[in-house]
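One letter stands for each residue in the lines below.
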Amino acid sequence: MSGYKPIKSALISVYNKDGLAPLVEALHALQITIYSTGGTLSHIERLGIPVIPVDSLTNFPEILGGRVKTLHPGVFGGILYQRGLSRDEKSIQTHGIKSIDLVVVDLYPFEETLKQTEDHHEIIEKIDVGGVSLLRAAGKNYADVVVLSSQMQYEPFTQLLLSQKGQTSRDQRQRFAQEAFVITTNYDTSISLYFKKINGCINNTTLRYGENPHQAASFHGDLSEVIEKLSGKDLSYNNLLDIDAAIRLIQDFDPSHPIFAIIKHNNACGIAAGNSILAAYEKALAADPVSAFGGVLISNYPVDDESATAINNLFFEILIAPSFSQGSIRMLTQKKNRILLKQKPFTLPVKSTRSILNGALVQDSDFKTVQKDALMVKTILTPTNQELLDLQFANVVVKHTKSNAIALVKNQQLLASGTGQTSRVDALNQAILKAKSFGFDLNGAVMASDAFFPFPDCVEIANSVGITAVIQPGGSIKDQLSIDYCNSNQISMVFSGLRHFKH
């Protein structure tokens, strides 16, 4: 069979023996020679299955309390030699090296040890050397060798082995090799992070709890590069999420104009531009004074005494600003739990990472915002200068709002947003209802959407409440339906060309 190769010998060296017995029994039933080491050797012997000590391949005993068992040409030569290559075949015969067709390794539990103890010696002793080397060698020579790197593979591999009468295909060996390299990469990363931590290269701050009180949590990084805490209690997991959302939002706005935002559950419940920070704060608060209660506040301008007097009337958790007047600090710290943070100039990471399933998603960070000259007017009617300002403002807000998202803006003030809805129509209706509940007049307001409109329903609803300009990415095969409706109802529409999903 093309690409299929028989397994005639196996090397097994595992830390955790759970689930190993059925695999070993299958290997024995298929008359596959088994080599093993230390505790694994004893475990297999207790099962009553013939097993050969690995030192029969090396003619050298385990030394240094088991630190050195398999690191020997007699083992690695048997794994790495390329079957059928005359040079390798000759070398194997000359040195009397026996082939190894299957490698089964379960690494020392380094990450688990980190969770159980802070004893440096014990942690270091759980750094696997030979095991990682065996996995890499077998993975490299997947053309001839099968490698098992996880207990989760034992049962499916045993079934595969019995059904294929002790043979494996090249594709199967390649997939097992890939999984082995994932294991070794994650293993080495954990070790590297540990050494960074103990060498002071990375901070690990234990938080009170995670997203909920029953969840343990910690922050890995150096917050002092980003913020200086001037007062207040320790930051929580949820605080840090809101701080991150606030800083990412405010950094997308022109720093030459005062901007104030109020964040709740990672979304802006209020944000506005003003002639002063006081004016911007008052407009931001007006958008949703109910949600602002207990929120995270951020200013892109220094907080002075006048603005602090107004802000002091609000119950909030955190206020972030580039600086604070001495009077504002005295005033705002009268309530001891309030957290004042001085934001430092810094650069956000170019990549964003999110853990999922048994791995992580990594993507480029979304730093793009559309500039005025890049907007594409798609309707007969062109937005006025004020509408263009509002459209750009709304587009930044909607970029930082959970999808599906709609933002309604007027005079560079968020009137309301529709956040995290399963349909764009629901997001728009949510925003309209909220804006009206706080007494806003939507006539002359603009609307921003984080993604395109597949149907004209949203522009129809927007028109019914007096919205006069719309910004969206465009890109739907039915874009023209929305454009035609806008043209028939004196609404201007621009395309940004940038979708901003946020999940």
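Check the entry above for the structure.
Report on the accompanying structure. None of these values were measured; they are calculated from a predicted model. (Residues numbered from 1 in each chain as written. Predicted model: local features only at pLDDT ≥ 70, side-chain atom pairs only at ≥ 80, totals over all residues. Heavy atoms only, no water.)

This part covers the overall build of the protein. For the protein, the count of helices and strands is 18 helices and 23 strands. Within the protein, the fraction of its 503 residues that count as buried is 46%. Of the accessible surface of the protein, which amounts to about 25,000 Å², a share of 52% is contributed by carbon and sulfur atoms. If the 46 positive side-chain charges of the protein are averaged to one point and the 48 negative ones to another, these points end up 3 Å apart. (Helix = DSSP H or I, 4+ residues; strand = E, 2+ residues; numbered from the N terminus. Buried < 20%, exposed > 50% of the residue type's maximum accessible area, 1.4 Å probe, protein only. Areas by Shrake-Rupley, 256 points an atom, 1.4 Å probe, with all protein chains shown as cover. Lys, Arg positive; Asp, Glu negative; His and termini not counted. Charge placed at Lys NZ, Arg CZ, Asp CG, Glu CD.)

Here helix α9 (residues 154-163) has its buried residues at Tyr 154, Phe 157, Thr 158, Leu 160 and Leu 161. For α9, the arc enclosing every buried residue in end-on projection is 165°, short of the 170-degree limit, so these residues lie on one face. For α9, exposure combined with an orientation more than 90 degrees from the buried face picks out Glu 155, Gln 159 and Ser 163. At its buried positions, α9 is contacted by β2 (9-14), α1 (21-29), β5 (102-106), β6 (146-148), β7 (167-168) and α10 (170-198). Lys 165 occupies a position one or two residues after α9 and carries a positive phi of about 55°. (Arc of directions from axis to C-beta. Contact = heavy atoms within 4.5 Å.)

In this section: the sheet that holds strand β12 (residues 267-273). Taken in spatial order, the six strands line up as β10-β15-β14-β13-β11-β12 in an open sheet, and their pairing is mixed. Of all strands in the sheet, those with a lone pairing partner are β10 (227-231) and β12, marking the two edges. Pairs of neighbouring strands in the sheet enclose a mean axial angle of 20°, with direction left out of account. In the packing of helix α11 (residues 237-250) onto the sheet, contacts are made with β10, β11 (259-264), β12, β13 (295-299), β14 (316-321) and β15 (339-343), and the angle to β11 comes to roughly 150°. (Pairing = 2+ DSSP bridges. Axes fitted to C-alpha atoms, helices over the stretch in contact; angles between N-to-C directions.)

For the structure shown, the criterion picks out eight salt bridges. Between Asp 144 and Lys 5 there is a salt bridge, with the nearest N and O atoms lying 2.2 Å from each other. On the criterion of sequence distance, the pair formed by Asp 144 in the loop between α8 (130-140) and β6 and Lys 5 in strand β1 (residues 5-6) is long-range, its members being 139 residues apart. Between Lys 434 and Asp 288 there is a salt bridge whose closest N-O contact spans 2.7 Å. Of this pair, Lys 434 sits in helix α16 (residues 424-437) while Asp 288 sits in the loop between α12 (277-287) and β13, and the two are 146 residues apart along the sequence. (Salt bridge = Lys/Arg side-chain N within 4 Å of Asp/Glu carboxyl O.)

Across the sheet, six strands lie side by side as β18-β23-β22-β21-β19-β20; this open sheet has mixed pairing. Only two strands of the sheet have a single partner each, and these edge strands are β18 (376-377) and β20 (414-418). Here four bridges tie strand β19 (residues 406-409) to β20, and the two strands are oriented antiparallel to one another. Bridging across to β20, Ile 406 finds its partner in Gly 418.

Scanning the model with the defined rule gives eight aromatic pairs in all. The lysine or arginine in question, Arg 83, covers the ring of Tyr 81, its NZ or CZ lying 4.3 Å from the ring centre. (Phe/Tyr/Trp six-rings, centres within 6.5 Å; stacked < 30°, edge-to-face > 60°. Lys NZ or Arg CZ within 6 Å of the ring centre and 35° of its normal.)

This paragraph deals with unusual backbone geometry. Between Ser 403 and the following residue, Asn 404, the backbone shows a cis peptide bond with an omega angle of -10°. Phi at His 265 is positive, roughly 50°, even though this residue is not glycine. The exposure class of His 265 is exposed, given its relative accessible area of 64%. Backbone geometry places Gln 412, a non-glycine residue, at a positive phi of 55°. Tracing the backbone through its elements, the reader meets Gln 412 in the loop between β19 and β20. In this structure Gln 412 comes out as partly exposed when scored by relative accessible area, which is 25%.

Counting 48 residues, the largest nonpolar core has Ile 12, Leu 27, Ile 79, Leu 102 and Phe 157 as the members making the most contacts within it. The element best represented in this core is α10, accounting for six residues. If sequence neighbours within four positions are ignored, Phe 157 has contacts with Ile 7, Leu 23, Leu 102, Val 146, Leu 148, Thr 168 and Phe 176. Core analysis: the next-biggest nonpolar cluster, separate from the first, contains 43 residues, Ile 250, Val 296, Ala 394 and Ala 448 among them. (Core = buried A, V, L, I, M, F, W, Y, C linked by side-chain atoms within 4.5 Å.)

Turning our eyes to something else, we now look at the environment of Asn 300. In this fold, Asn 300 is placed in the loop between β13 and α13 (305-311). The exposure class assigned to Asn 300 is buried, which follows from its relative accessible area of 17%. A sequence separation of 185 residues divides Asn 300 from Lys 115, and the C-alpha atoms of the two residues are 40 Å apart. Sequence-distant contacts of Asn 300, that is, excluding residues within four places in its chain, are made with Ile 250, Asp 254, Pro 255, His 257, Pro 258, Ile 259, Ile 277 and Pro 322. Side-chain polar atoms of Asn 300 contact the backbone oxygen of His 257, separated by 2.8 Å. At a separation of 2.7 Å, a polar atom in the side chain of Asn 300 contacts the main-chain amide nitrogen of Ile 259. (Polar contact = N/O pair within 3.5 Å; in protein donor to acceptor, adjacent residues only side chain to side chain.)

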